[in-house]
Every structure is written in structure tokens, then in C-alpha cells.
Amino acid sequence: MNRFRMRMLLMFSTSIIAILVFSRMSSYSLFVLAFGALIMLIAFASYYRPAGLFGLFIVAISATMSMQIDTLIETGPMIAVAVGMLIPMTLLTLFALSSESDGENGYFQRRPVFLGAAYIGCCLLSVAVVIAITGLVFPHMSLRFYGLMEISILLMVSAVLAIALTSRDPE
Amino acid sequence: MQTQASGIVLFVSAAVFALAGILFPSLPFALMCPVLLGVLIYARSKFMGEVQETELIVNRSTHDEVPFAGQPIALSVEILNAGPAPIRCVLEDVIPEDCEVAAGSNRYSGLIPARSQTTISYTLVPHKRKVYTFEGLRLEMRDEYGLFSHTSSVEDGTKIAVHTSKRSLQAARRIAGREHLEHSGKSRHLAAVMHDLEFDRLRDYLPGDRPRDIDWKLLSRLDKLFTKVYTKEGAIQTMIFVDCSRSMRTAGSGITKLDHSVDLCLQLSRVLLSSHHAAGVALIDEVTVIDQLRPSLIRHQFERIIQMLRNAPSTVPGNVHESIDTQPMADAPDGLTANGNTEEAAQMEKFLSAVRDIGVRTSKRSKGVGLDEVIWKLLTGAKDQKQMIIVISDLISSRDAVLASAKLCQKKGSQMLVLHIYDDWYERSETPLEVGEAERMYGNLLNYLDVEVKLRKMGASYVKVGPADATASIVRTIRWGKA
């Protein structure tokens, strides 16, 4: 096994541990997570990307079901969700997609890393930013943000940003 | 940029997680959507950077010095990835029309590391004599995660001139030892006099004198052998002109006129060279000389002729009968008009009239352009030396030029032989002959009979050539004075 694959495995195990640490897993969720992780590992060992993606979705469902957060406007839950779900799930997705890869290409670009990180960061902070802007623009307005509103703001921002960032085609 | 199956799956999953986040008001579910989209944006941006940094340099080479139609050509395509990023790709060398891959593969699939080279080697069989242009390579790049692909082309533009079939060359070698244009015995109707002789005096016969130098008439009268002595003796130089005009290049069904002309030229030059006659070749179109090789007897003259004939233009698909109606030839002052039924005919007529206009403006010596101009230069440049001019043409656009050249040859004491590639014989029609078509062909025949009479009056020899006529039979026709 080459160094790239060793590093990927390390990344995988760290991500799984992070999910386990920051979520409240029932035994049933834990079983599903283990099953998904096992499928991902088998796919990685057998260089088969579709199975890796299948395992990823099982892990994702298990992780999201066991993550307990209600709001994205408080720093505590925001950090917990970032460290316990967003970062590990991003790394697990890259791990699943790299199942058929045999090594790094030695060509590093900063721009894609920056764009990907900025996108996820913007989405995570979107609710807080919208509330801050609303408070600045309408200081006398009393607004109460429900969970569904936060979800709507998050999804809307993520969709708009995704469209903006993928609109350019190579020449 | 196209999205691959994995990319679509990831995108749909993001949408499903978003929907689940709304249906079961759950933030973690909704947060999975930006996670998956974030990975997609990262992968896309990375791939886009790789695509923009890609720099491929293609170098194509062939191991065959002179490729022949129907013969395999070994091709080697070296692809250098000069960019900083490795390329995961499927490369396909786009092969030109009328070619097929005989061995190997024109595809490459895999990774080309940065600043490294890969080679595709395969064997190609061209079916026709033609200048084949390789447009380049079709490049399908894939990203590292199998989410996106990008198709582009790497332009190349390498040209490989494929010569006529090797059978023609073999036939040339075969007949070169057997056939010759010269007549060894006595004949009253020698069409081709291949020696330039100036009579000086008679002397007694000495053993070893050539039979053709013996004065046979004196032998019957004086019963003694006398030998004719010449002050100047040398083989007549022969120049073969191949008409590569538009009508010659137009390919109908069956063998094309230009291909047949090239074969004839190749074989005739071989026959001449094997008889130690200096032979040269010129390719001409309506206006100018495409390429020419002066008559010579140097060692590799035939190889040079082969190389030169590779520059003969490719044939173009079309039907000359649809584009040119030669029926009104007798009425038209220039000998050719288009029937005007099709757009192609109108184009052809426009083209011919343009060519005629050029001729009127540039040359006062003759009616035509191209051929007569070249022949005039050749004959005036040769001073007193006699020349043998062989013209292979369909006499559609060059009829006037050929007639003017024949007149010039007569004036300069040179010989001219016209091998008329008879246009109507080259068109094999699947449908039965209709009355209109038969009338057109009859009109053509009458017109060309008129041309033949004019040429013969000017001392030129004339042979009608059809697709079935081989060089050997044409040479025999010339030798026995039937031309």
C-alpha cells in the first residue's frame, strides 16, 4: 500500500472517530455507521468507487440522524457541527471518491481548496450573517427565526453560491 | 464540461438530503447538502484548473518514405504532456476518411504524467491516392474523482501524401523491360521518333553498325551495304504533362481520371527511362504548373518522378457529367458550357469562364492558359533540340491550350502525343442510358473527333484512353503508328 492510500485511511479513521465523538449514537445508529464504514473500506480496498459512494451515503444518514443540533446561530452548536459533521463528512466524501485512485498527481492547486472551504464556511455562517444583516437593516424589527427558516436560508444560500461558483466553463 | 455518473449521483444525493432537511425539519440533513455540493465545487474547480493547464504536443511520424494506396502505413504518434498537471484521459487519433486501422489501436486510455510522453503506434491502410490530412486527436479528459469529463481536440494538421497503388508501380517495372516506344525495324508510320538525327554522309558498312543506320534502299539498288552517318545524334527528351484540372480531379464511380493519368504517367516514364530516353514530368492545372521535373537520365530519375507525382492533387467527389454539359460544345466559342440545371453546374461554368478570362489577359500567344504557356517556355528554352511532348488530359478545360501547343510543336519541329482521357468512358452509370444522355455523348464524340482531326493536321498523335486501357496497350498503339 502506498503512502497516499495510507494517508487516506488515516483520514478515514479520523473522520469516523470525529463523528463518533461529536454525535449521540444509539446502538442502532452505531451499527449502521459501522456497516457503512465497512462498505467504504471494502470499496477502497477493491478500487471500486460506486460501492464507496454507497457506503458514504449509509454513513451520512447515520451521522446526520445522530447529530443533535437545533440552531446555527450559536457558536457552540456551530463548532460542534463543523468539527463533528461538516469536516468529517467532506473528508469521507473525498475518501469514497478516491477509491479508484492510486496516488496523488503531484499537482497542487490552492484555488479549489479555497473555493470548497469558503463555500462550506459561507453556508455554515449564512444563517448568522442573514440575521446580522436583518438586525442592522431593520433595527426595530423583532424577528424570531424558526428551525425551518434557518434550513431555508441555508439551502437558498448554498444553491445560489453553487450556481455562481459553477457557472464558468473552461475555455 | 460534462458531468459523469458519479457526479450526477452526488448531485442528486445533495438534493435528496436538502429535501429530507425540509420534510423532517432537521438541520443536519440540510447541512449534508452543502457538504456534497462543496465537494462537487472543489472537484470541478480542480479539474478546470487541470484542463486549463493542459498542454499537449503531438508529433506524428511515419516509417514509410513513400506510402502507397492499399498498403499499410506504420504510424507513430508521440504525445507529450508539457503541462504541469497529469492527464487522465482517453485519446483517440482521428483518422481521415478512406482509411482504416489495420493493426494496433489509434486509442490510448490512461494517465499521462506531467512532462512525460506517451506513444500510440498503429498501422493504417489508405484506400485511395490522396493527400490525407490528420486533423488531430480527440481528447477526453477525466477528473481524479470520476465526477467530470471534458472533451476537446488537439489539432495537428499533419499531411501524408499517399501515392497510387503499388500495383501500378509493379506494372511499370514489369512492362519497362518488355515495352518501348521506339520501333526497332522499318516502318512508314512511326508515331514516335525518339532520336534526333542530322544526316551527314554515307560510308561503307562496317561490322557492328546498327541495323537502323543501314541504308536499305541503296542495298536493293547497288547490292552493297552502306551506313548512314549522322553529325548530331541524341535521344529526344520527353516531357509528360499531366492535366490536374478540376474536371480531371472530379471523381465519379469507378477509377478516377486523375488516378489513371498518374498511373499512365508513372508507367510511361518508366518505359522511356528503361529505353534510355530522358523523361520528365509536369503537373499542371488550368492556370499554373503545380510541380515539374525536367527531363533527365540521371540515376534516380524514376524515384524522383515517383516522389514528384505524390504532389498530384487529390480527387474530389462529384459527377462531372452533372456539372458540365458538353453537348453545346459545338455552338460555344470556348467549347464548354454548363447546363445550368444545378448549382454545381453554375459554379463550374463560372470557374471555367474565370479561367478563360485569365488566359485572355495573360497570354497573347495562345487561347488557353497553363499548358501552352509551359510548353512554349519548354520549347523555346530547348533552342534547336527537338522535344517529345506527351499530354495526358481530358481536354475539357485544356482543349484550346492543347490545340495551341500542338501548333507550337509543329512550328518548332517537336512531336506531340495527346493521350485523351475520354471523359464519358470513366462514368459508369447504374441506370440505363437515356436518350438525352446518349445525345450528349454523341455530341461529345463529334466534338472530340473534330479535335482529333485538328491535332492530326498539326502532326500530333492522338490516342483515346479509357479506364480499361493499360499502358502496355497504349505503348504498342503508339509504336505501331496507330496513334
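Scroll up a little and you will see the structure.
Draft legend 1. Up close: the overall build of chain A. Across its full length, chain A holds six helices and zero strands. When the 171 residues of chain A are sorted by exposure, 44% land in the buried category. Taking the intrachain contacts of chain A between residues at least 6 apart in sequence as the baseline, contacts between residues at least 24 apart amount to 77%. Carbon and sulfur atoms provide 70% of the accessible area of chain A, an area that totals close to 9500 Å².

Draft legend 2. Quick peek at the nonpolar core. Counting 88 residues, the largest nonpolar core has A:Leu72, A:Met89, A:Leu92, B:Leu10 and B:Leu31 as the members making the most contacts within it. Sorting elements by how many residues they give to this core places helix α2 (residues 27-53) of chain B first, with 16 residues. Beyond its immediate stretch of four places on either side in the chain, A:Leu72 contacts A:Met78, A:Val81, A:Leu124, A:Val127, A:Ala128, A:Glu150, A:Leu154, B:Leu27 and B:Leu31. Core analysis: the next-biggest nonpolar cluster, separate from the first, contains 39 residues, B:Ile236, B:Cys244, B:Ile392 and B:Ile474 among them.

Draft legend 3. Representation of the interface of chain A and chain B. Listed by partner, the interface residues are 48 residues for chain A and 44 residues for chain B. When the two sides are added together, the surface that chain A and chain B hide from each other amounts to roughly 4000 Å², 75% of it contributed by carbon and sulfur. At the junction of chain A with chain B, the criterion picks out zero salt bridges. Linking chain A with chain B are four residue pairs in polar contact (both at pLDDT 80 or more). Among the secondary structure elements, those contributing two or more residues to the side of chain A that touches chain B are α3 (49-66), α4 (75-97), α5 (110-137) and α6 (147-165) of chain A. In terms of residue count, the dominant contributor to the side of chain A that touches chain B is α5(A) (nine residues). A per-class count over the side of chain A that touches chain B returns 29 nonpolar, 12 polar and seven charged.

Draft legend 4. Just the sheet that holds strand β4 (residues 87-93) of chain B, in detail. All names here are of chain B. Strand order in this open sheet of five strands is β1-β9-β8-β4-β6, and the pairing throughout is antiparallel. Sheet topology places β1 (2-3) and β6 (107-112) at the edges, where each strand pairs with a single neighbour. As paired elements, β4 and β6 share six bridges and run antiparallel to each other. Within the sheet, the bridge partner assigned to Leu-91 lies in β6 and is Tyr-108. Each of β8 (130-142) and β9 (148-162) is contacted by α2, which is oriented at about 20° to β9, the strand it contacts most.

Draft legend 5. The arrangement of a nonpolar patch on the surface in detail. A surface patch of nonpolar side chains, amounting to about 690 Å² of accessible area, comprises A:Leu125, A:Val129, A:Ile133, A:Leu136, A:Val137, A:Phe138 and A:Met141. Residue position: A:Leu125 is located in helix α5.

Draft legend 6. How the structure looks around the pattern of salt bridges. All names here are of chain B. Using the criterion set out here, one finds 19 salt bridges over all chains in the structure. The residue Arg-142 makes a salt bridge to Glu-140 at a minimum N-O spacing of 3.4 Å. Of the residues examined, Arg-142 reaches a relative accessible area of 36% and is grouped as partly exposed. Residue Glu-452 is joined to Arg-456 by a salt bridge in which the shortest nitrogen-to-oxygen separation is 3.1 Å. A residue pair is termed a helical-turn pair when its members lie 3 or 4 positions apart in one helix, as Glu-452 and Arg-456 do in helix α12 (residues 435-457) at four residues.

Draft legend 7. Molecular detail of the packing of aromatic side chains. Going through the model one piece at a time under the given rule, you end up with six aromatic pairs over all chains. Seen in terms of ring centroids, B:Tyr422 and B:Tyr448 are 5.5 Å apart; in terms of plane orientation they differ by 70°. Their pairing is edge-to-face. Pair noted here: B:Tyr422 is in the loop between β18 (415-421) and α12 and B:Tyr448 is in helix α12, with a separation of 26 residues, a long-range link. Here B:Tyr422 and B:Tyr448 have matching classes, each one buried. Pairwise contacts between aromatic rings join A:Phe12, A:Phe44 and A:Phe95 into one cluster. Of note, A:Arg5 hangs over the ring of A:Phe44, and the distance from its end group to the ring centre comes to 3.9 Å.

Draft legend 8. How the structure looks around unusual backbone geometry. Its identity is not glycine, yet A:Tyr47 carries a phi of approximately 55°, on the positive side. Summarising the element assignment, A:Tyr47 is placed in the loop between α2 (27-45) and α3. Residue A:Tyr47 is classed as partly exposed on the basis of its relative accessible area, which comes to 37%. Of note, the phi angle at B:Leu395 is positive, near 55°, even though the residue is not glycine. Within the secondary structure, B:Leu395 sits in the loop between β17 (387-393) and α11 (399-412).

Draft legend 9. The arrangement of the packing of α3(A) against α4(A) in detail. Residue and element names in this part refer to chain A. Between α3 and α4, the shortest axis-to-axis distance is 8 Å and the interhelical angle comes to 165°. One finds that α3 runs roughly antiparallel with respect to α4. For the pair α3 and α4, the crossing hand works out as right-handed. Contacts between α3 and α4 involve Arg-49, Gly-52, Leu-53, Leu-56, Val-59, Ala-60, Ala-63 and Thr-64 from the former and Met-85, Met-89, Leu-92, Thr-93, Ala-96 and Leu-97 from the latter. Class assignment of the residues belonging to the contact of α3 with α4 gives a composition of 10 nonpolar, three polar and one charged.

Calculation notes
Residues numbered from 1 in each chain as written. Chains lettered and ligands numbered in written order. Predicted model: local features only at pLDDT ≥ 70, side-chain atom pairs only at ≥ 80, totals over all residues. Heavy atoms only, no water. Helix = DSSP H or I, 4+ residues; strand = E, 2+ residues; numbered from the N terminus. Buried < 20%, exposed > 50% of the residue type's maximum accessible area, 1.4 Å probe, protein only. Contact = heavy atoms within 4.5 Å. Areas by Shrake-Rupley, 256 points an atom, 1.4 Å probe, with all protein chains shown as cover. Core = buried A, V, L, I, M, F, W, Y, C linked by side-chain atoms within 4.5 Å. Buried area = accessible area lost by both parts, 1.4 Å probe. Salt bridge = Lys/Arg side-chain N within 4 Å of Asp/Glu carboxyl O. Polar contact = N/O pair within 3.5 Å; in protein donor to acceptor, adjacent residues only side chain to side chain. Nonpolar A, V, L, I, M, F, W, Y, C, P; charged D, E, K, R; others polar. Pairing = 2+ DSSP bridges. Axes fitted to C-alpha atoms, helices over the stretch in contact; angles between N-to-C directions. Patch = residues over 30% accessible without salt bridge, like charges linked within 9 Å, V, L, I, M, F, W, Y side chains within 5 Å. Phe/Tyr/Trp six-rings, centres within 6.5 Å; stacked < 30°, edge-to-face > 60°. Lys NZ or Arg CZ within 6 Å of the ring centre and 35° of its normal. Parallel < 35°, antiparallel > 145°, perpendicular 65-115°, else oblique. Left-handed = near helix turned anticlockwise from the far one by under 90°.

All we've got here are geometric facts, nothing functional implied.
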